[in-house]
Amino acid sequence: MIIGQKIKDLLRDTRWGDWCLITLYLSLVSGIIVGIHYDPAEPFYSTSAIDILVPYGRYFRSLHFYSSQFFFLSAILHYYGVFTKADSYPAKPYSALILTLPVALVLLFTGYVLRSDSTGFSAGMIAEHILEAIPLVGPTLNNLLFSISDHGLNRVYLHHVFSFDLLFLLLAWEHLRRYKVTFSRHLLFLGSVLFFSLLVAAPIDPEELGVFYITGPWFFLGLQELLRYLPPFLAGIVFPASLIIALIFLRRQNRSFRPILVFVFIWLGGYALLSVLALVAHH
Amino acid sequence: MKAINGRQPAGFTRRTVLFIGSLLLLYPFIRFINHRVPRKPKIVEVNGTLKANGYLAKDDFILFSGGDDIWAVSRTCTHLGCRLNYKEKETLLECPCHQSRFSTRGELLRGPAKKELAVFPVEQKGSPPIYYVTIL
Ligand code: FES
């Protein structure tokens, strides 16, 4: 009981928002650095070269990878931590902030695709097929965003380094303007992220022929499992969108707060279950 | 003008013009992003040695030989496009994403994929032979 309460307090009291900002800056800066040696025409080769050949390349790629992952995680915890304080936010800016979550996720996702190892390649192909399955606008959307089969990683690269970031900043702009972070107050956290990236390399699958099981990025596992049973439009678009819409309406002043909360919990529980299934059921 | 029309109608007109304007812009934009340079069939040259009843895996296809026949089966899974791998012991192709299975001739053995694989034409020239596979 007491431990549970302690964890709850910690989640509520840690300044996740500050951590978000710090990791966001780290991710942007390290992304620019990694981009100096990344070549979308030779994605796997250039990523491996960054890891193996370029001095400190492994470090900067790892910093980019982990700062982005930490950013996403602290964004979720930040959402949880300030949830009760956000009642006064008007609906529009609140929805914009909720939408930063899927945009951040897409940024993470395209990062995996860009490294173009077997996990990244498969993730890209699956995303392309999901988009194409959207009635009417699907093929156009795919041509706009991915189109990997026809144009390689050109478009994914463009959006990863430019348009999705711009979209993220647009959605978060008001919020970012309001809060500042003093790096010197978070030296320990900053140091930990820098040090962690020094110790742990960012993942990349070695090139080998006999890969019979690809588990995809961790946040994609449940979706990948669901795609086994449902058509791509339902599993890849309707299902994830239902959570985002629920989160937009999950406000304490909303009369349907309770049922939406129950829906969100069932969704998250179901997703966790699917992810576990993806890891253990098909080897 | 202010006194007669007030701000509402002016704002409304401006908004309507903006709306129609962006709709008009949408058309060239959609045409622009949907443009595809017609793809030429890609011909891949393979000059490894292919044993009798053997196989050679390339990025886009696997070249098989059996009896007098040589054929190339696409490695693109018909479910969601992941790259298939060859399970030599079971003589079948399996997808790493959702484990759809196909025979070496491309027939569907197990879903979730619903369609069979593409099979590409192979031309053989010279000796030792060079194989030309046309990816359509
Ligand atoms: S992509 Fe091959 S089985 Fe799903």
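This section reports on the structure supplied with the text.

So, about the pattern of salt bridges. Under the definition given, this model contains 13 salt bridges over all chains. For the salt bridge of Asp51 of chain A with Arg61 of chain A, the shortest nitrogen-to-oxygen distance reads 2.8 Å. Of this pair, Asp51 of chain A sits in helix H3 (residues 43–52) while Arg61 of chain A is found in helix H4 (residues 57–82), placing the two residues 10 residues apart along the sequence. Asp51 of chain A gets classed as buried once you look at its relative accessible area, which sits at 16%. A salt bridge links Arg115 of chain A to Asp117 of chain A, with the shortest nitrogen-to-oxygen separation between them at 2.8 Å. Given a relative accessible area of 6%, Arg115 of chain A falls into the buried group. Bridged by salt links that share partners, the residues Lys87, Glu90, Glu94, Arg101 and Arg110 of chain B form one connected network.

Moving on, we come to helix H12 (residues 232–249) of chain A. Residue and element names in this part refer to chain A. In this model H12 runs 25 Å from its N-terminal to its C-terminal C-alpha over 18 residues, within 8% of the 26 Å that 1.5 Å per residue would give. The sharpest bend along H12 comes to roughly 25°, located at Val238, with the proline Pro240 sitting one to four residues further on. Taken together, the buried positions of H12 are Pro232, Ala235, Gly236, Leu243, Ile244, Ala246, Leu247 and Ile248. The elements touched by buried residues of H12 are H4, helix H5 (91–115), helix H6 (118–132), helix H11 (221–229) and helix H13 (257–280).

What follows deals with the packing of helix H2 (residues 16–37) of chain A against H4 of chain A. All names here are of chain A. Orientation of H2 relative to H4, taken along the N-to-C sense of each, is 155°, at an axis distance of 8 Å. Taken as axis vectors, H2 and H4 run roughly antiparallel relative to one another. Viewed along their axes, H2 and H4 form a crossing whose handedness is left-handed. Side by side, H2 and H4 meet where Trp16, Gly17, Trp19, Cys20, Thr23, Leu24, Leu26, Ser27, Ser30, Gly31, Ile33 and Val34 of the first sit next to Phe60, Arg61, Leu63, His64, Ser67, Ser68, Phe70, Phe71, Ser74, Ala75, Leu77 and His78 of the second. Its residues assigned to classes, the contact of H2 with H4 comprises 13 nonpolar, 10 polar and 1 charged.

Conventions and cut-offs
- Residues numbered from 1 in each chain as written.
- Chains lettered and ligands numbered in written order.
- Predicted model: local features only at pLDDT ≥ 70, side-chain atom pairs only at ≥ 80, totals over all residues.
- Heavy atoms only, no water.
- Salt bridge = Lys/Arg side-chain N within 4 Å of Asp/Glu carboxyl O.
- Helix = DSSP H or I, 4+ residues; strand = E, 2+ residues; numbered from the N terminus.
- Buried < 20%, exposed > 50% of the residue type's maximum accessible area, 1.4 Å probe, protein only.
- Expected span 1.5 Å × (residues − 1).
- Bend = angle between axes of the 7 residues up to and from the residue.
- Contact = heavy atoms within 4.5 Å.
- Axes fitted to C-alpha atoms, helices over the stretch in contact; angles between N-to-C directions.
- Parallel < 35°, antiparallel > 145°, perpendicular 65-115°, else oblique.
- Left-handed = near helix turned anticlockwise from the far one by under 90°.
- Nonpolar A, V, L, I, M, F, W, Y, C, P; charged D, E, K, R; others polar.

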